[in-house]
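Report on the structure
Chain residues, written in single-letter form:
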Amino acid sequence: FEKLSQSDISYFSSILQPHEIITDPKELDQFNTDWKKNYKGNSSLLLRPNTTEKISKIMKHCYDRNLAVVPQGGNTGLVGGSTPIFDEVILSTSNLKKVYGFNPYTSVLTCEAGCVLEDLNNMLAKEGYEVPLDLGAKGSCQIGGNISTHAGGIHFIKHGPFRGNLLGLEVVLPNGDILNLESEVRKDNTGLDLKQLFIGSEGTLGIVTKANIHCVKKDNYHRVLL
């Protein structure tokens, strides 16, 4: 891989706002370190674009320049998957927070990858629904990371694997192409189910930027048995 240069940073500065670029070593420390503090990278640049189009431009530039990139969501993983190994550019989805809406007739929520799981559930609770996924890190984990790691959580037995409730995705490929795989249809036999390739791929095949999630009705009562 090529080394990051000042011209690269100048290019990123031309398409991003100042607050979307972090180069301060002290501020970068938390993004270079995994949650369990077992792994630590040496990235000197964190990018936090707020649109899919910006991510596309970033990835195209990095692809053309042969710059290594590590996607990062809430950085709550326990296996170091979102932490740089060396000096990769960290591409954070934390500014992709837009919620496009919830359709009560199809029970489908459409949102961007940087939305925090607990925030989504708080919003859905008003409609009597919830995302069929619950994790200890729900207050900080992002839905894009949940998809990319195919998170299981405590509702796995009840609602099945998360991939079964993901109806559509928007993904930015390594070369910057935007792949629109969005859908609110429960069954679609019109071709290969390409979105499944990106679920659980840990960001190696593309960066999830948007999702269509089939939600479930929230239980009125809970009983915990130990």
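Up top you'll find the structure we're talking about.
In short, a report on the structure.

Cut-offs and rules
- Residues numbered from 1 in each chain as written.
- Predicted model: local features only at pLDDT ≥ 70, side-chain atom pairs only at ≥ 80, totals over all residues.
- Heavy atoms only, no water.
- Buried < 20%, exposed > 50% of the residue type's maximum accessible area, 1.4 Å probe, protein only.
- Helix = DSSP H or I, 4+ residues; strand = E, 2+ residues; numbered from the N terminus.
- Pairing = 2+ DSSP bridges.
- Core = buried A, V, L, I, M, F, W, Y, C linked by side-chain atoms within 4.5 Å.
- Contact = heavy atoms within 4.5 Å.

Brief notes about the pairing of strand β6 (residues 108-112)
Most of β6 sits inside the fold, with five of its five residues counted as buried. Going residue by residue along β6, you find Val108, Thr110 and Glu112 tucked away on one face and Leu109 and Cys111 tucked away on the opposite face as well. Connecting strand β5 (residues 99-103) to the next strand, β6, in antiparallel fashion are four residues, including Ser107 with a positive phi near 60 degrees. The sheet contact formed by β6 and strand β10 (residues 207-214) spans five bridges and is antiparallel. Among the inter-strand pairings, Thr110 is bridged to a residue of β10, identified as Asn212.

A look at the nonpolar core
Grouped together as the largest cluster of nonpolar side chains are 26 residues, with contacts concentrated most on Leu109, Val131, Ile143, Ile147, Phe162, Leu169 and Ile213. At the level of secondary structure, the elements contributing two or more residues to this core comprise β6, α4 (117-125), α5 (143-148), β8 (166-172) and β10. Once you skip the residues sitting within four places of it in the chain, Ile143 turns out to touch Cys111, Glu112, Ala113, Cys115, Leu117, Leu120, Val131, Phe162 and Ile213. Counting 17 residues, the second-largest nonpolar core is a separate cluster that includes Ile9, Cys62, Leu67 and Leu91.

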